[in-house]
Structures are given as C-alpha cells and as structure tokens.
Amino acid sequence: MTEDSVTEAVIRSGIVAILRAPTADYFSAVAEVLAGNGITAIEVTFTSSGALDALAGLRRQLPDSVAVGAGTVLSSDDVKAAVDAGAEFLVSPVLDVDLVRSSPVPFYPGTSTPTEMYAAHQAGAPLVKLFPAAGLGPDWLRNVRAPLPQVRVMPTGGVKIEDIADYLFAGASAVGLGSPLVGDAVTGGSLTGLAARARHAVSAVAFARS
C-alpha cells in the first residue's frame, strides 16, 4: 500500500485491533479471525514478547487489504525495527514530533490535549491517536473537533465496543480497541467469542456510518 492508502485502509476499517499480551504466541490465530470478520487494521504492540517476529508473520499471512502496524513505538530504533519487519503504520502512546516527521510510514502519535493534537497534525501525522480516550470521552472529542475539523482522530485506551458509534458520531475517523475486543483470545482463549465481538464491533462502525 502507498502511505495514503494505508491510512485510508485504517479509516475504512474504522477499528484498529490492538494485540497486546505477555507473548505474541496467539497473535496469528487472533489476526486471522479479526480479518475474517471485517477488521482490516491490526496493531502489534512492542510490549509483547516476540512482537517483531509476529508482525513479520502477519504481514506474510494476511491479505494485502489488511493494514498491519506496530504499536508502542517510542524511538527511532523502534521505527526501523518495525518497518524492517513489515509494519505499514506506527502508533505511539506519546507525541514525538521528530518521529512523526522522520517515519518512512504513517505515524499515529498519542495526544491528550488540543495543542498536542494540532502539533501532531502540523508535523504530518495523517491520524492522531487520542489517548487515553476513556477519561475524555466523545463529548470532549466533539468539542475539540469543532475548531479543529482538519485533524483526523483515533480515540484509543478504554474504548469499549458499545462506545464505538458514539466516538464515530463525535467525529472520530477510527477507534483503537484492545482488550474489550481481543479479550482472552490473545492468551489462548476462545476464538469463537473473539469472532462474535469482532462482528459486533464491525456492526457498530456500519451503524455509525449509515
């Protein structure tokens, strides 16, 4: 994918599934279920042991229509390692303007104030992560988006499946979903339950956009 097409794929998905666990042993099976049920943007977090190998494996395993990225990217070394492993987008919990500007693939930095969000946008971030979103909520996002409509925002952190539509109605371009979506599947739990949650989440995006 080109740089623009990656972000468009993320936005089209409406959901970035965040894979975070002590180890990445089950990420392949989880990603297969997610992609098969309509979630076409998947983030492998660097805090998971074996993340780089898992990321490279997912890029080989999944169709090109699925955007595969790396999360918890905090340094230029992280950027290089992730991109070398096949990451098509990068996500961070914090804003490092230099990383946004220098990244060879789309970089979605974490922000929690209007000033940070605008600084990230000005630095070239095609999508800005609002983190942690749960403490701020859809109304906060709606209020910030009124004067800053040009900033595309991805609320992440404490977002539940039942919150998806509210955030999209408030102007979010996509949402990042971790444990409320993946649950115990990332540690070997039920893939059937995961599939049901994925379908529920995809339905929420479709409802908000209908």
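A.B. asks: Please clarify how the sheet that holds strand β8 (residues 153-155) should be interpreted in this entry.
C.D. replies: The strands making up a sheet associate through hydrogen bonds between their backbones, and the pairing can be parallel or antiparallel. Spatial strand order, β6-β7-β8: three strands in an open sheet with parallel pairing. The open sheet has two free edges, formed respectively by β6 (110-111) and β8, since each of these has just one partner strand. With two bridges joining them, β6 and strand β7 (residues 128-130) adopt parallel strand pairing. The partner of Gly110 across the bridge, within β7, is Lys129. Together, β6, β7 and β8 form the strand contacts of helix α6 (residues 114-122), whose direction differs from that of β7 by roughly 160°.

A.B. asks: Just to check I follow, could you spell out the packing of helix α2 (residues 27-36) against helix α10 (residues 191-209) for this structure?
C.D. replies: When two helices pack together, their arrangement is captured by the angle between the axes and the distance separating the axes. Two elements in contact, α2 and α10, have axes separated by 9 Å at closest approach and are oriented at 35°. Considering only the axes of α2 and α10, their crossing is right-handed. Facing α2, whose interface residues are Ala29, Val30, Val33 and Leu34, α10 presents Leu191, Leu194, Ala195 and Ala198. Considered class by class, the residues forming the contact of α2 with α10 number eight nonpolar, no polar and no charged.

A.B. asks: Could you clarify how one ought to interpret the environment of Ile11 in this entry?
C.D. replies: Mapped onto the fold, Ile11 is located in helix α1 (residues 3-13). When the C-alpha positions of Ile11 and Ala41 are compared, they lie 8.7 Å apart, and in sequence the two are 30 residues distant.

Conventions used here
Residues numbered from 1 in each chain as written. Predicted model: local features only at pLDDT ≥ 70, side-chain atom pairs only at ≥ 80, totals over all residues. Heavy atoms only, no water. Pairing = 2+ DSSP bridges. Helix = DSSP H or I, 4+ residues; strand = E, 2+ residues; numbered from the N terminus. Contact = heavy atoms within 4.5 Å. Axes fitted to C-alpha atoms, helices over the stretch in contact; angles between N-to-C directions. Left-handed = near helix turned anticlockwise from the far one by under 90°. Nonpolar A, V, L, I, M, F, W, Y, C, P; charged D, E, K, R; others polar.

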